[in-house]
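# Notes for the structure review
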Amino acid sequence: MVFLPVIAVWIHDRNHSIDWDIVKTTFWLYLGAFGLYAAWHAVRTPWKLSLDAPASEGQPTPDFKTEIHDLAVEILDFVYARIKDAPPKPDYTPSFGADVDVAAIYREMGQKAAWQAVFDKYESETLGIYKYKYSRRVAILIKSLPGAGIDAGWLQEHGATPLNSDSIRAVGDYLMQAADLLLKPENRNTKTFDGA
């Protein structure tokens, strides 16, 4: 901006001499304006940040009970959604009677094996998703629960590596019960319950 008037004059008249007094005056005016701008923001920024700070400090941080409850809800929502969309589990049992059609029995057994493979693949995907999304968080809670007065024996056995969707649901139920059992620190004693 200091040199813009000089360039404009030069473009308009190439033989015009540069008025260095105007350039110096313009330079000092812009430097003064920048100084005022910097001083204003140097005062205003900490003040604005101090106004915003109580809003962020006022947000309640989730306590241990809320953390356990929220994780339990996440796990239960996840497993119920997976169970709802699961392929049907095959329950075919071949029957042998007087009029046995061996070809039909083999067809039904092949169909059952195909359904079982689809079901097993879906169950394996469910366990993989659980391991990816939840097992680390559950493992951290397993270590923290005894310090909060909750017996985590069952959860130590089954929480980190459940065997199927029903086990995942049991982990969610266990965590929900653990959240319900948590009291204020001065009222705690060791509590136990059946996990599965």
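Attention in this report is confined to the structure presented alongside it. Owing to the predicted nature of the structure, the values given are computational and were not obtained by experimental measurement.

On to the side chain of Ser 165, then. Relative to the helices and strands, Ser 165 resides in helix 7 (residues 165–181). Judged by its relative accessible area of 9%, Ser 165 is buried. Those residues within four positions of Ser 165 in sequence are excluded, and the remaining contacts are Val 79, Ile 83, Glu 123 and Thr 126.

Glancing now at the layout of surface pockets. Counted as a void, the largest pocket has a volume near 200 Å³. Lining the largest pocket are Arg 82, Ile 83, Ala 86, Pro 87, Lys 89, Phe 119, Tyr 122, Glu 123, Thr 126, Asn 164, Ser 165 and Asp 166. For the lining of the largest pocket, the elements supplying multiple residues, two or more each, are helix 3 (64–84), helix 4 (102–133) and helix 7. In the lining of the largest pocket, the residues fall into five nonpolar, three polar and four charged. There is about 170 Å³ of room inside the second largest pocket. Lining the second largest pocket, in full, are Pro 5, Val 6, Val 9, Trp 10, His 16, Ser 17, Ile 18, Asp 19, Ile 22 and Val 23. Looking at the lining of the second largest pocket, the elements with two or more residues in it are helix 1 (4–12) and helix 2 (20–58). Among the residues making up the lining of the second largest pocket, the classes are represented as seven nonpolar, two polar and one charged.

Tallied over the full model, the rule gives three aromatic pairs. A ring pair is formed by Phe 27 and Trp 28, whose centres lie 5.5 Å apart and whose planes are at 70 degrees; its orientation type is edge-to-face. According to the relative accessible area criterion, Phe 27 is partly exposed, its value standing at 41%. Residue Trp 28 is classed as exposed on the basis of its relative accessible area, which comes to 55%. Measuring from centroid to centroid gives 5.5 Å for Phe 78 and Tyr 134, while their planes differ by 50 degrees, and the two rings are tilted. On the criterion of sequence distance, the pair formed by Phe 78 in helix 3 and Tyr 134 in the loop between helix 4 and helix 5 (135–144) is long-range, its members being 56 residues apart. Among the residues examined, Phe 78 registers a relative accessible area of 11% and is labelled buried. Note on Tyr 134: relative accessible area 4%, which makes it buried. Linked through ring pairs, Phe 78, Tyr 130 and Tyr 134 together constitute an aromatic cluster.

Taken together, the side chains of Phe 3, Ile 7, Trp 10 and Ile 11 make up a nonpolar region of the molecular surface, amounting to roughly 450 Å² of accessible area. Structurally, Phe 3 is set in the segment before helix 1.

The subject of this paragraph is the nonpolar core. Counting 25 residues, the largest nonpolar core has Ile 68, Ile 75, Tyr 130, Val 138, Leu 155, Val 171 and Leu 175 as the members making the most contacts within it. Elements with a minimum of two residues in this core: helix 3, helix 5, helix 6 (153–158) and helix 7. The greatest single-element share of this core, amounting to seven residues, is contributed by helix 7. Setting aside its immediate chain neighbours within four residues, Leu 175 contacts Ile 68, Leu 71, Ala 72, Ile 75, Val 138, Leu 141 and Leu 155.

The next subject is the packing of helix 4 against helix 7. Two elements in contact, helix 4 and helix 7, have axes whose closest approach is 9 Å; the angle formed by their N-to-C orientations is 30 degrees. Residues Glu 123, Thr 126, Leu 127 and Tyr 130 of helix 4 lie in contact with helix 7, whose contacting residues are Ser 165, Ile 168 and Val 171. A per-class count over the contact of helix 4 with helix 7 returns four nonpolar, two polar and one charged.

Calculation notes
- Residues numbered from 1 in each chain as written.
- Predicted model: local features only at pLDDT ≥ 70, side-chain atom pairs only at ≥ 80, totals over all residues.
- Heavy atoms only, no water.
- Helix = DSSP H or I, 4+ residues; strand = E, 2+ residues; numbered from the N terminus.
- Buried < 20%, exposed > 50% of the residue type's maximum accessible area, 1.4 Å probe, protein only.
- Contact = heavy atoms within 4.5 Å.
- 1 Å grid on protein atoms, 1.4 Å probe; cavity = no way out; pocket = protein on both sides within 12 Å on 5 of 7 lines; lining within 4 Å.
- Points joined across faces, edges and corners; volume = space filled by probe spheres on them.
- Nonpolar A, V, L, I, M, F, W, Y, C, P; charged D, E, K, R; others polar.
- Phe/Tyr/Trp six-rings, centres within 6.5 Å; stacked < 30°, edge-to-face > 60°.
- Patch = residues over 30% accessible without salt bridge, like charges linked within 9 Å, V, L, I, M, F, W, Y side chains within 5 Å.
- Areas by Shrake-Rupley, 256 points an atom, 1.4 Å probe, with all protein chains shown as cover.
- Salt bridge = Lys/Arg side-chain N within 4 Å of Asp/Glu carboxyl O.
- Core = buried A, V, L, I, M, F, W, Y, C linked by side-chain atoms within 4.5 Å.
- Axes fitted to C-alpha atoms, helices over the stretch in contact; angles between N-to-C directions.

Any functional reading would require information beyond the geometric quantities listed.
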